[in-house]
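Tertiary structure, described
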Amino acid sequence: MFRRSGGQCVATFAHDEVRVLRKVAAEVVGLLTDGMDHTDPVVSRLFPDIYPERPEDSQEFRLYTEGDLKTSKIDQAGAILAALPDEGEGEVRLDGEAAEAWLRAINDARLAMGTRLEIQADTDLGEELDNAVLEDPGSSRVFQLSVYAYLGYLQESLLNALPEIR
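The text that follows walks through the structure, step by step, so that each part is easy to find. No experiment lies behind these values; they were computed from the predicted model shown.

On to the side chain of R110, then. Among the secondary structure elements, R110 is positioned in helix α4 (residues 96–117). Buried within the structure, R110 lacks any salt-bridge partner; E156 is the closest side chain of opposite charge, at an N-O distance of 8.6 Å. Sequence-distant contacts of R110, defined by excluding residues within four places in its chain, comprise Y148, L151, G152 and Q155.

Attention now goes to the packing of aromatic side chains. Scanning the model with the defined rule gives four aromatic pairs in all. Look at F2 and F13: their rings are 5.9 Å apart centre to centre, the planes differ by 75°, and that puts the pair in the edge-to-face class. Taken together, the residues F2 in the segment before β1 (3–5) and F13 in strand β2 (residues 8–13) connect sequence positions 11 residues apart. Note on accessibility: F2 and F13 belong to one class, buried. Consider the rings of F2 and W102, whose centres lie 5.7 Å apart with planes at 85°: the pair is edge-to-face.

Next up on the list: the sheet that holds β2. Working definition: the strands of a sheet are paired by backbone hydrogen bonds and lie parallel or antiparallel to each other. If you walk across this open sheet you meet the three strands as β1-β2-β3, and the pairing is antiparallel. Each end of this open sheet is capped by a strand with a single partner; those strands are β1 and β3 (90–94). Between one strand axis and the next, the sheet turns through 35° on average, direction left out of account. One ladder, built from three bridges, connects β1 with β2; its direction is antiparallel. Paired with R3 across the two strands is V10, which belongs to β2. With respect to the sheet, α4 is in contact with β2 and β3, its orientation differing from that of β3 by roughly 110°.

Here we take up the packing of helix α1 (residues 15–33) against helix α3 (residues 55–83). The geometry of a pair of packed helices is captured by two quantities: the angle between their axes and the separation between those axes. One way to put it is that α1 packs onto α3 with a least axis distance of 9 Å and a crossing angle of 160°. In terms of orientation, α1 and α3 fall into the roughly antiparallel class. Helix-helix and strand crossings are classified by hand; for α1 and α3 the assignment is left-handed. For the pair α1 and α3, contact is made by L21, R22, A25, A26, V28, V29, L32 and T33 and by K70, K73, I74, A77, I80 and L81, respectively. Partitioning the contact of α1 with α3 into residue classes produces 10 nonpolar, one polar and three charged.

Scanning all chains against the criterion turns up 11 salt bridges. In this structure, the salt-bridge partner of E91 is R93, at a minimum N-O distance of 2.9 Å. Members of the salt-bridge network, linked through shared partners, are R3, E91 and R93.

Their axes nearest at 10 Å, the elements α4 and helix α6 (residues 140–161) cross at an angle of 155°. For the element pair α4 / α6, the angle class is roughly antiparallel. Relative to α6, the crossing made by α4 is left-handed. On the side of α4, the interface is formed by A99, W102, L103, I106, N107, A109, R110, M113, G114 and L117, while α6 contributes R141, Q144, L145, V147, Y148, L151, G152, L154, Q155, L158 and L159. Looking at the contact of α4 with α6 residue by residue, the classes come out as 14 nonpolar, five polar and two charged.

Criteria and thresholds
Residues numbered from 1 in each chain as written. Predicted model: local features only at pLDDT ≥ 70, side-chain atom pairs only at ≥ 80, totals over all residues. Heavy atoms only, no water. Helix = DSSP H or I, 4+ residues; strand = E, 2+ residues; numbered from the N terminus. Buried < 20%, exposed > 50% of the residue type's maximum accessible area, 1.4 Å probe, protein only. Lys, Arg positive; Asp, Glu negative; His and termini not counted. Salt bridge = Lys/Arg side-chain N within 4 Å of Asp/Glu carboxyl O. Contact = heavy atoms within 4.5 Å. Phe/Tyr/Trp six-rings, centres within 6.5 Å; stacked < 30°, edge-to-face > 60°. Pairing = 2+ DSSP bridges. Axes fitted to C-alpha atoms, helices over the stretch in contact; angles between N-to-C directions. Parallel < 35°, antiparallel > 145°, perpendicular 65-115°, else oblique. Left-handed = near helix turned anticlockwise from the far one by under 90°. Nonpolar A, V, L, I, M, F, W, Y, C, P; charged D, E, K, R; others polar.

Take a look at the structure:
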């Protein structure tokens, strides 16, 4: 997937990969721009309470930091959208700053998907995917687990390429 080429991280994406990455990044942007609901477990995962035992302090902290954090997360997802081809397959070249934005955006997408899919730290993703396939190979859960796994692979390949360009 991602490899180092000169001072950049480079990957070539197939048409379906571009489509999936565009959809995932757009969904993160939508989640953060369409009247963010703090009762949504995904929003709570992306914007956790800094002081869980002190709700008033958490609310005050959120008041001063959430706007910038939200803007940053939207910009990072936007970095994925900006770097991908508009349609079809294509090559993506990222400098160190863009690669770090991609890593943060992929992490946010995985946190969101993991929350929706109820993935825990001790979840065996291969086993979870196998069970989902056995239950209903055409289910949306199979697709979502596959995308979640793909994003992990993409993130790891980018992490492996990144230290070499710094």
